[in-house]
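Coordinates in review
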Amino acid sequence: MPLHRHKKNVDEDEFKDIYSNSICHTQLPKDELPEKSSEPQVIKQLVQDELFMDGNARQNLATFCTTYIEDEVRDLMDLSIDKNMIDKDEYPQTAEIEQRCVNILADLWHVPDKKNTIGCSTTGSSEAAMLGGLALKWRWRKRREAEGKAIDKPNFVCGPVQICWHKFARYFDVEIREVPLTSNELGLNPDHLKDYCDENTIGVVATLGSTFTGVYEPVEELAQALDVFQNVTGLDIPIHVDGASGAFIAPFIQRKLKWDFCIPRVKSINASGHKFGMAPLGVGWVLWRTVADLSKELIFNVDYLGGQMPTFALNFSRPAGQIIAQYYKFLRLGREGYTAIQNNCACTAQYLGSQLRKMDLLDLLYDGDGGIPAVCYTLKDESTAGFSLYELSDRLKIHGWQVASYPLPNNRQNIIVQRILIRHGVSRDMVSLLLRDLRKELDYLKNNPTYTSSNKVSFHH
Ligand SMILES: Cc1ncc(COP(=O)(O)O)c(C=O)c1O
């Protein structure tokens, strides 16, 4: 086609409205590739239109993950969209930035000998938890082999853990001993450890910021209980801290709390950069106390990218932007910024807790004080209330709020709860609007009960 003719077409197209395009008179292909290519602006608009049907992420109060993103982060993400984290020889500066982030975290989490630590970025806490768990398994197995003992029945002990630990157990063939919650417990009680740990225990997983309620498990007390256990049995059981959220909160606003590498028994920690680390979605971190805590067998040396690159993450290719954005966040906010934001979130969560406490239908399980900036509550009595929390979730959706309802884990599954996360970008004012809508919907449901003792069983989500 001659150049001038091509130019003419482009000009003509510039005047066309996107919705006058013939593709707008058809449904978009959903199961097969279309035969022909289309104009990028048209397709972008149509895909974008479809995304309107998703909820508004900023009103998603069920997620721990970053939903407020600065323009500078978008710019840095855009600049690095073509960079693969694994190509460390090709992008040495990005590799150095990843290492700087590891160093900063080693400092924040009190690694005893900062020159002798090891860690890496991951896609999130799930991958980081798998790596932490694998290192525990390898460490245990080596020791058992050296002692000539059986290595076929490894287990780990934990409280109510996030699904990634159930995946770890199944994928890597390790028995999960999830200690059931008794009476009013919301997390792992140190007194129970002695009943669940034995010579096959590769480690105890302590969660700093329960996914279910937001409370912290008492890492220091768990370590002390394991000290006593060691004195009695001779078994030295390490701790991995799943600090998915808390590892980016406690160093700033709970500075007196002992939970990290300052406790000798803590051998590894994972955290989600994309949660309270405030990086965009797609980055987590795992660090070990010393190089010796990560078995050499789990480190692979890759030479086909040029040079000799050690890798121990599960994925090979990964986008670099999130790691660069994490470094940006560290530099931009500093200790001052992280402290101020986490403090504001904690105060807002506690304010929300104080308001919820006044609502006669609700029973507050966690009021936002001492753990993650969040609240968790249940209905005092579902049958007298006349509705379930699932219905309250549905009613809140009318206003755009996404508040999940779900049962507590093992042994307390009969208790249905709601949890509201207060993270970066959830302001006091937003919470006052949420409270307005929550009060309105509680009133609505109270006056329009759907739930009587005779239809109780029909309410399953
Ligand atoms: C305690 C805990 N561990 C692990 C995870 C998994 O993290 P990610 O979503 O970053 O993989 C979560 C997610 O909510 C969590 O709360």
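Values in this document were obtained by computation on a predicted structure and should not be read as measured data. (Residues numbered from 1 in each chain as written. Predicted model: local features only at pLDDT ≥ 70, side-chain atom pairs only at ≥ 80, totals over all residues.)

Observations concerning the overall build of the protein chain
- Scanning the protein chain from N- to C-terminus turns up 13 helices and 13 strands.
- Over its C-alpha atoms the protein chain spans a radius of gyration of 25 Å, differing by no more than 12% from the 23 Å that the globule rule assigns to 461 residues.
- Counting only C-alpha atoms and orienting by the principal axes, one finds that the protein chain spans roughly 85 × 70 × 45 Å. (Helix = DSSP H or I, 4+ residues; strand = E, 2+ residues; numbered from the N terminus. Rg over C-alpha atoms; globule rule 2.2 N^0.38 Å.)

Regarding the sheet that holds strand E2 (residues 155–158)
- The seven strands lie next to each other as E1-E7-E6-E5-E4-E2-E3, forming an open sheet whose pairing is mixed. Across the chains shown, the open sheet's two edge strands, defined by having one partner strand only, are strand E1 (118–122) and strand E3 (175–178). Sheet twist, expressed as the mean angle between neighbouring strand axes with direction ignored, is 20°.
- In this structure, E1 lies alongside strand E7 (residues 284–288), joined through five bridges in antiparallel fashion. When the sheet's bridge partners are listed, Thr-122 is paired in E7 with Gly-284.
- Where helix H6 (residues 163–171) meets the sheet, it contacts E2, E3 and strand E4 (201–207), and its direction lies at approximately 145° from that of E3. (Pairing = 2+ DSSP bridges. Axes fitted to C-alpha atoms, helices over the stretch in contact; angles between N-to-C directions. Contact = placed C-beta atoms within 7 Å.)

Comments concerning helix H8 (residues 219–233)
- In this model H8 runs 20 Å from its N-terminal to its C-terminal C-alpha over 15 residues, within 8% of the 21 Å that 1.5 Å per residue would give.
- Taken together, the buried positions of H8 are Val-219, Leu-222, Ala-223, Ala-225, Leu-226 and Phe-229. On an axial view of H8, the arc spanned by its buried residues comes to 160°, and they lie on one face. Facing away from the buried side of H8 by more than 90 degrees, the exposed set consists of Val-228, Asn-231 and Val-232.
- Considering only its buried residues, H8 is in contact with helix H7 (193–196), E4, strand E5 (239–242) and strand E6 (266–272).
- Just downstream of H8 lies Gly-234, where phi reads positive at about 85°. (Expected span 1.5 Å × (residues − 1). Buried ≥ 20, exposed ≤ 12 C-beta atoms within 10 Å, placed from the backbone. Arc of directions from axis to C-beta.)

Considering helix H4 (residues 92–108)
- The terminal C-alpha atoms of H4, which comprises 17 residues, lie 24 Å apart, in line with the 24 Å expected from a rise of 1.5 Å per residue.
- For H4, the complete set of buried residues consists of Thr-94, Ile-97, Glu-98, Cys-101, Leu-105, Ala-106 and Leu-108.
- Against the buried residues of H4 lie E1, helix H9 (250–253), E7 and helix H10 (321–357).

Side note on the confidence of the model for the protein chain
- This prediction gives the protein chain a mean pLDDT of 93; 94% of its residues lie at or above 70.
- Here residues 1–6 is a poorly scored stretch, pLDDT under 50, and it has one contact once near neighbours within four places are set aside; other chains count.
- Note that residues 454–461 has pLDDT below 50 and, in this model, six contacts with residues that lie over four places away or in other chains. (pLDDT = per-residue confidence, 0-100.)

Some points on the site of the ligand
- Around the ligand, a shell composed of 15 residues is seen, among which Gly-124, Ser-125, Ser-126, Gln-162 and Ala-244 lie nearest.
- Counting residues per element, the shell around the ligand draws most heavily on helix H5 (residues 125–146), at three residues.
- By residue class, the composition of the shell around the ligand is four nonpolar, ten polar and one charged. (Near = placed C-beta within 6 Å. Nonpolar A, V, L, I, M, F, W, Y, C, P; charged D, E, K, R; others polar.)

Some words on the sheet that holds strand E11 (residues 374–379)
- Spatial ordering of the open sheet is given by E10-E11-E13-E12, a layout of four strands whose pairing is antiparallel. The open sheet has two edge strands, strand E10 (362–366) and strand E12 (405–407), and neither has a second partner. Neighbouring strand axes in the sheet, compared pairwise and without regard to direction, differ in orientation by 35° on average.
- Pairing between E12 and strand E13 (residues 416–421): three bridges, direction antiparallel. Its bridge partner lying in E13, Pro-407 is registered against Ile-416.
- Here H10 sits on the sheet in contact with E10, E11 and E13, set at roughly 20° to E11.

With respect to the pairing of E4
- For E4, the tally of buried residues reaches seven of seven residues, placing the bulk of the element in the interior.
- For E2 and E4, the ladder comprises four bridges, and the chain directions are parallel. Paired with Phe-156 across the two strands is Gly-203, which belongs to E4.
- The sheet contact formed by E4 and E5 spans four bridges and is parallel. Within E5, the position partnered with Thr-207 by the bridge is Asp-242.
- The β-α-β motif built from E4, the intervening H8 and the parallel element E5 has right-handed crossover chirality. (Right-handed = clockwise from strand over helix to strand, strands pointing away.)

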